[in-house]
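The residues making up each chain are set out below.
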Amino acid sequence: MIEKHIVLEDIDPVVFFGVGNAHLQMMRGLYPKLRIMARDNVIRIMGDEEQMAAFEESSEKMRQHVIRFNTLTEEDIIDITKGKHTREQVPDGVVVYSIAGRPIKARSENQQHLIDAYNSNDMVFAVGPAGTGKTYLSIALAVKALKEKTAKKIILSRPAVEAGEKLGFLPGDMKDKIDPYLQPLYDALEDMIPQVKLQDMMEKHVIQIAPLAFMRGRTLSDAVVILDEAQNTTPAQIRMFLTRMGWNTKMIVTGDMTQIDLPHSQKSGLIEALHILNNVEGIGVVNLNQKDIVRHKLVTRIVNAYEAFDKEAGG
């Protein structure tokens, strides 16, 4: 009896096999002359040679479908198996799909400018208030590069600067103390990459999340590198970070000038970098504003109210 093994690379097996192996059971029903078994990310098939060839072809199409759309439904399995037309290309404007199958794309004109700037430059500065999607959209672009294999890894970093709280009072070791600062990055990744696959990628250092201080001395090549909350870097820190750039690397630097948590005597490195690098070829600058806020509608009102207060106080 012929036996073959199929390895499901670059996807979460849980998405492919379904909850409680529901998809796997459906595949067994669709290919009754095969004995189909699965363990981890490996499928073992035995039986009729003709059905085996058909299953190999269908399973590869299903795998590609999961890579593109982050989901696989029973309808998709039937359509692929029956050779019916299924969506094969990601529609224009969609960056990636969330783990729930929701398309992630620009939701404002300036967000589209961010995508365009990323496509046409090796380094992009995205500056704007809270809720404008700077971090989320940047991570979506990085995940897309990983899926399309135009980058081998994603490196995400933030400066560990207290916003009123003190690092030393947080419980646990250094990793436990640092993790709260990096949580927004984890949140975005968990929305785009299934948990099991994300954990595997982090263990293999395909996705790296680290405080800014850990970047010193490194050369970052074949990667998409994102520096979040850059308004809280010092001039020396952001200069160190920007000069880590290696071959085949793209950098995205995000920041919000209204949320600088540095001491009043310390100048923000982001402000200085934007001034110095303003006309450097290969660097794009995108300014987002209140019209780009995609959180709850109250966030826009809150940002506007604080901006008016700041202007009045400044006057």
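What comes next is a walk through the structure. (Residues numbered from 1 in each chain as written. Predicted model: local features only at pLDDT ≥ 70, side-chain atom pairs only at ≥ 80, totals over all residues. Heavy atoms only, no water.)

The helix and strand inventory of the protein stands at eleven helices and eleven strands. When its C-alpha atoms are laid out on the principal axes, the protein stretches across 80 × 40 × 40 Å. Taking all 315 residues of the protein together, the buried fraction comes to 47%. When the accessible surface of the protein is split by element, carbon and sulfur atoms take 51% of a total near 17,100 Å². Positive and negative side-chain charges of the protein, numbering 38 and 42 respectively, have mean locations separated by a distance of 1 Å. (Helix = DSSP H or I, 4+ residues; strand = E, 2+ residues; numbered from the N terminus. Buried < 20%, exposed > 50% of the residue type's maximum accessible area, 1.4 Å probe, protein only. Areas by Shrake-Rupley, 256 points an atom, 1.4 Å probe, with all protein chains shown as cover. Lys, Arg positive; Asp, Glu negative; His and termini not counted. Charge placed at Lys NZ, Arg CZ, Asp CG, Glu CD.)

Turning our attention to the sheet that holds strand 10 (residues 250-255). In spatial order, the strands read 8-7-9-10-6-11; together these six strands make up an open sheet with parallel pairing. The open sheet has two edge strands, strand 8 (207-211) and strand 11 (283-287), and neither has a second partner. Here the strands of the sheet are splayed against their neighbours by 15 degrees on average, with no regard to which way each runs. The sheet strands contacting helix 6 (residues 134-147) are strand 6 (123-127), strand 7 (153-158), strand 8, strand 9 (223-227) and strand 10, and the helix crosses strand 10 at an angle near 165 degrees. (Pairing = 2+ DSSP bridges. Axes fitted to C-alpha atoms, helices over the stretch in contact; angles between N-to-C directions. Contact = heavy atoms within 4.5 Å.)

Now for the layout of surface pockets. Of the voids in this model, the second largest pocket is the one considered here, and its volume is about 600 Å³. Only helix 1 (13-17), helix 3 (49-69), helix 6 and helix 8 (195-203) provide two or more residues apiece to the lining of the second largest pocket. Of the residues forming the lining of the second largest pocket, the biggest block, four residues, is contributed by helix 8. Among the residues forming the lining of the second largest pocket, the class breakdown is 15 nonpolar, two polar and nine charged. (1 Å grid on protein atoms, 1.4 Å probe; cavity = no way out; pocket = protein on both sides within 12 Å on 5 of 7 lines; lining within 4 Å. Points joined across faces, edges and corners; volume = space filled by probe spheres on them. Nonpolar A, V, L, I, M, F, W, Y, C, P; charged D, E, K, R; others polar.)

Counted residue by residue, strand 9 has five buried out of five residues, so it is predominantly covered. Residues Ala223, Val225 and Leu227 point to one face of strand 9 and Val224 and Ile226 to the other, with burial holding for every one of them. Judged from the five bridges that link them, strand 7 and strand 9 form a sheet pairing that is parallel. Looking at strand 9, one finds that Ile155 is bridged to Val225. Inspection of the sheet shows strand 9 paired to strand 10 by four bridges, in the parallel sense. Opposite Ile226, over in strand 10, you have Ile252 as the bridge partner.

Overall, the coordinates contain ten salt bridges when judged by the stated rule. The salt bridge involving Lys4 is made with Glu56; its shortest N-O contact spans 3.0 Å. Residue Lys4 is located in strand 1 (residues 3-7), and its partner Glu56 is located in helix 3; the two are separated by 52 residues in the primary sequence. Residue Lys4 is classed as partly exposed on the basis of its relative accessible area of 35%. The class of Glu56 is partly exposed, set by a relative accessible area of 28%. For Lys204, the salt bridge is made with Asp200, and the minimal N-O distance between the two is 3.3 Å. Residue class for Asp200 comes out partly exposed when judged on its relative accessible area of 25%. Look at the salt bridges and you will find they share partners, linking Arg158, Asp228 and Glu229 into a network. (Salt bridge = Lys/Arg side-chain N within 4 Å of Asp/Glu carboxyl O.)

Next up on the list: the side chain of Lys250. Summarising the element assignment, Lys250 is placed in strand 10. Buried and unpaired, Lys250 has no salt bridge, with Asp122 as the nearest side chain of opposite charge at 4.7 Å. One polar contact links the side chain of Lys250 to the main-chain carbonyl oxygen of Tyr118, over a distance of 2.4 Å. Not counting chain neighbours up to four residues away, the residues in contact with Lys250 comprise Tyr118, Asn119, Asn121, Asp122, Ala223, Val224, Val225 and Met245. (Polar contact = N/O pair within 3.5 Å; in protein donor to acceptor, adjacent residues only side chain to side chain.)

By size, the foremost hydrophobic cluster in this structure holds 36 residues, and its most contacted members are Ile139, Leu189, Met192 and Ile207. Looking at this core element by element, the count peaks at eight residues for helix 6. In this structure, Met192 is in contact with Asn70, Val96, Tyr97, Ser98, Ile99, Ile104, Tyr136, Ile139, Ala140 and Val143, ignoring residues within four places of it in sequence. One finds Val225, Met240, Phe241 and Leu274 within the second-largest nonpolar core, a separate group that totals 23 residues. (Core = buried A, V, L, I, M, F, W, Y, C linked by side-chain atoms within 4.5 Å.)

Next up on the list: unusual backbone geometry. With glycine set apart, most residues show a phi of negative sign, and most peptide bonds adopt trans. The backbone of Asp10 shows a phi angle near 70 degrees, a positive value even though the residue is not glycine. Among the secondary structure elements, Asp10 is positioned in the loop between strand 1 and helix 1. Residue Asp10 is classed as partly exposed on the basis of its relative accessible area of 40%. Backbone geometry places Asn21, a non-glycine residue, at a positive phi of 60 degrees. With respect to the helices and strands, the residue Asn21 is situated in the loop between helix 1 and helix 2 (22-30).

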